[in-house]
Amino acid sequence: MQFVTADTHFLDEHLLGIDKFAPRPFLTVEQMDQKIIQNWNELVGENDTVYHLGDIAVYFAKPQSKAYEKIFEILNSLNGHLILIKGNHDNRGLFKYLAKNNYSFNGKPKFSFHDVGVLLKYDHRQYYLTHYPMMLGIAPQIINLHGHIHHYAVPAKENINVGIDSPEFDYLLPEKIPFGTPLSFSQIEKIVNGKADDFAKRG
């Protein structure tokens, strides 16, 4: 199966607690990270593919390679083949470290990398997977899956925030998404349809 997620912000102490930008009611980053890893691995299988749309982690250490090593350990504990799209908190040094320590299993690499985005056809839709929201007015048939804006939503039905703090998971109610769980494309389809219906009702 294929899944998509964004804005895990592993190791990021700044997001602990309750605020409007990214409410994460954890006391420590260890609690937050373990909850994401647990929920991720309960859903994603070893041979599944997860598109991660940026802002993997926010962590600083000296030397910097220690930070990269810690982030690698977390990513390596996650099930699936990870296709990583660069976010504003992800630097080229991290991607180079992950590439250097990359490995393959069942014929596919653990990590694949993209700087800007991926155009993906799934079922009957086209999706443009990016970190930042993109206004695709010239191609309204394409749905932009993105992260970056945490607990906010773009006021356009073609833009879907798939970050783990997204308010657009409400379109899946009464289904409850465990914190940090990547979205399946069947769930994304429900969100796309729910948001389109919502905008149609607004007139």
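The coordinates are above.
What comes next concerns the included structure. In this text the structure is predicted, and so the values were computed from the model without any measurement.

1. Things to note about the packing of aromatic side chains
Under the criterion given, the structure shown has eight aromatic pairs. Seen in terms of ring centroids, Phe72 and Tyr97 are 6.3 Å apart; in terms of plane orientation they differ by 75°. Their pairing is edge-to-face. Residue Phe72 is located in helix α2 (residues 64-76), and its partner Tyr97 is located in helix α3 (residues 92-100); the two are separated by 25 residues in the primary sequence. Owing to a relative accessible area of 15%, Phe72 belongs among the buried residues under this scheme. Grouping aromatic residues by their ring pairs yields a cluster made of Tyr68, Phe72, Tyr97 and Phe111.

2. Structural notes on the nonpolar core
One recurring pattern in soluble globular proteins: nonpolar side chains tend to sit buried together. Grouped together as the largest cluster of nonpolar side chains are 28 residues, with contacts concentrated most on Phe10, Ile56, Leu75, Leu82 and Leu84. Counting 22 residues, the second largest nonpolar core, distinct from the first, contains Val4, Tyr51, Leu145 and Ile177.

3. Regarding unusual backbone geometry
A cis amide bond, omega 10°, links Leu173 with the succeeding residue Pro174. Position of Pro174 among the secondary structure elements: in the loop between β10 (159-161) and β11 (183-184). A positive phi angle, close to 50°, is found at Asn106, a residue other than glycine. By the secondary structure assignment, Asn106 is in the loop between β4 (104-105) and β5 (108-109). Among the residues examined, Asn106 registers a relative accessible area of 56% and is labelled exposed.

4. Observations concerning the sheet that holds strand β6 (residues 111-114)
Taking strand neighbours across the sheet as the criterion, the five strands line up as β6-β3-β2-β1-β11 in an open arrangement whose pairing is mixed. Two strands lie at the open edges of the sheet, namely β6 and β11, each paired on one side alone. Relative to β11, strand β1 (residues 2-5) is paired through two bridges, and the arrangement is antiparallel. Each residue of the ladder has a partner; that of Val4, found in β11, is Leu183. Together, β3 (81-85) and β6 form the strand contacts of α3, whose direction differs from that of β6 by roughly 150°.

Here is what the cut-offs are and how they apply
- Residues numbered from 1 in each chain as written.
- Predicted model: local features only at pLDDT ≥ 70, side-chain atom pairs only at ≥ 80, totals over all residues.
- Heavy atoms only, no water.
- Phe/Tyr/Trp six-rings, centres within 6.5 Å; stacked < 30°, edge-to-face > 60°.
- Helix = DSSP H or I, 4+ residues; strand = E, 2+ residues; numbered from the N terminus.
- Buried < 20%, exposed > 50% of the residue type's maximum accessible area, 1.4 Å probe, protein only.
- Core = buried A, V, L, I, M, F, W, Y, C linked by side-chain atoms within 4.5 Å.
- Pairing = 2+ DSSP bridges.
- Contact = heavy atoms within 4.5 Å.
- Axes fitted to C-alpha atoms, helices over the stretch in contact; angles between N-to-C directions.

Such coordinate-based values are descriptive only and should not be taken to indicate function.
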